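Observations on the three-dimensional arrangement
Chain by chain, the residues:
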Amino acid sequence: IDITEKKKAEEALKESEERYRVMAMTSPDVILVHKMGRIVFINDVGVSSIGYPREEMIGRNVLDFLEEKYKALVMKNIRRRLGGERVEDYEVVVITKSKEQLTMLVRATPIIYEKEPAIYTTLTDITDLKHAERLTREAEEFAHATINALSANICVLDSKGEIIAVNSAWRSFAMENPPEPSNYL
């Protein structure tokens with residue numbers, strides 16, 4: 001084997017590892033690598049988001065940081081990924097050291113890490129998004145309930161003047177007063 005080629009390959013590998021390390025450490029998301037659930041790497045965002053020192057997280061099972069109802073799903077998905085199946089992104093609730101609940105979107109892929117099968121996982125904190133979605137849903141439900149409680153016939157029109165929604169009073173009136181059939185002959 002040509003020593004020059006071996007040196008070039010080693011240099012390329014070092015550069016690749018450094019690029020990976022920089023990307024993982026500067027990501028705005030939690031990046032962790034685990035082997036059958038045991039954490040072997042976690043970036044600074046993961047440490048600060050979850051609240052445990054890195055030393056307390058390395059070696060622990062990822063399930064230790066999850067709300068109970070997600071543990072079976074996560075283990076099933078780990079086995080599926082390691083078995084070569086593609087697993088869609090999904091949500092979990094992570095429990096921080098301060099007992100705060102963070103809703104996280106999980107994206108993961110199998111890799112080889114330190115010459116063994118592992119899973120590279122990205123966790124995106126969507127807690128605020130889920131809260132905003134809940135508030136929007138509650139506001140819409142309140143608006144519908146308020147409009148339906150009114151006895152006046154109310155309809156909502158789109159920009160073309162077409163009816164897109166009606167309240168209960170309108171529906172009741174329409175049921176009690178069906179349109180008369182037309183004779184176009």
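Residues numbered from 1 in each chain as written. Predicted model: local features only at pLDDT ≥ 70, side-chain atom pairs only at ≥ 80, totals over all residues. Heavy atoms only, no water.

A short note on helix α4 (residues 71–82)
Defined as follows: Each helix is a run of H or I in the DSSP string that is no shorter than four residues. Each strand is a run of E no shorter than two, and both are numbered from the N terminus. Every helix has an expected span of 1.5 Å times one less than the residues it contains. Categorising residues by exposure relies on relative accessible area from a 1.4 Å probe, with only protein chains included: less than 20% of the type maximum marks a residue as buried, more than 50% marks it as exposed, and the intermediate range marks it as partly exposed. This arc is built from the directions going out from the helix axis to the C-beta atoms. We call two residues in contact when some of their heavy atoms are within 4.5 Å.
Taking 1.5 Å as the rise per residue, α4 with 12 residues should run 16 Å; its terminal C-alpha atoms sit 17 Å apart, in good agreement. Along α4, the residues that are buried comprise Val74, Met75, Asn77, Ile78 and Arg81. Axial view of α4: buried residues confined to an arc of 165 degrees, hence all on one face. Those residues of α4 that are exposed and angled more than 90 degrees off the buried face are Ala72 and Arg79. Buried residues in α4 make contact with β1 (30–35), β3 (90–95), β4 (101–113) and β5 (116–125). Gly84 sits one or two positions beyond α4 and adopts a positive phi of about 95 degrees.

Description of the pairing of β4
Our working definition: Only strands joined by at least two bridges in the DSSP assignment are considered to pair.
When β3 meets β4, the two strands line up antiparallel, connected through six bridges. Bridge pairing in β4 links Val92 to Met104. The antiparallel hairpin formed by β3 and β4 contains five residues in its connecting segment, where Lys99 sits at a positive phi of about 75 degrees. Here 10 bridges tie β4 to β5, and the two strands are oriented antiparallel to one another. When the bridges of β5 are listed, Met104 appears paired with Asp125. Once β4 ends, the chain turns through two residues before running back antiparallel as β5, passing Glu114 with a positive phi of about 50 degrees.

Some points on the packing of aromatic side chains
So the rule is basically this: Here is the rule: rings of Phe, Tyr and Trp (six-membered ring for Trp) pair when centre to centre is within 6.5 Å. Planes less than 30 degrees apart are stacked, more than 60 are edge-to-face, and the remainder are tilted. Look at NZ for Lys and CZ for Arg. If either is within 6 Å of the ring centre and within 35 degrees of the ring normal, a charge sits over the ring.
The tally for this structure, following the rule as stated, stands at one aromatic pair. Between Arg60 and the ring centre of Tyr52, over which it is positioned, the NZ or CZ distance is 5.2 Å.

Here's the deal with the pairing of β5
Sheet topology note: the β1/β5 ladder contains five bridges and is antiparallel. Among the inter-strand pairings, Ile31 is bridged to a residue of β5, identified as Thr122.

Focus on the side chain of Asn77
For Asn77, the position within the fold is in helix α4. By relative accessible area, which is 3% here, Asn77 ends up buried.

Quick look at the sheet that holds β4
Here is the rule: To get an axis, a line is fitted to the C-alpha atoms, and for a helix only the part in contact is used. The angle between two axes follows their N-to-C directions and goes from 0 to 180 degrees.
Taking strand neighbours across the sheet as the criterion, the five strands line up as β2-β1-β5-β4-β3 in an open arrangement whose pairing is antiparallel. Both edges of this open sheet fall to β2 (38–42) and β3, since each of them pairs with a single strand only. Geometrically, the sheet is characterised by an average inter-axis angle of 40 degrees between neighbouring strands, direction not taken into account.

Observations regarding unusual backbone geometry
You will see that Glu114, though not glycine, has its phi angle at about 50 degrees, which is positive. Structurally, Glu114 can be placed in the loop between β4 and β5. Since its relative accessible area comes to 56%, Glu114 is described here as exposed. A positive phi angle, near 65 degrees, is found at Lys115, a position not held by glycine. Looking at the element boundaries, Lys115 is found in the loop between β4 and β5. Residue classification places Lys115 among the exposed residues on the basis of a relative accessible area of 80%.

Description of the side chain of Thr96
Relative to the elements of secondary structure, Thr96 occurs in the loop between β3 and β4. Exposure remark for Thr96: the relative accessible area of 3% places this residue in the buried category. Beyond its immediate chain neighbours, meaning those up to four positions away, Thr96 contacts Ser49, Ile50, Tyr52 and Leu102.

Geometric values such as these leave the question of function open.
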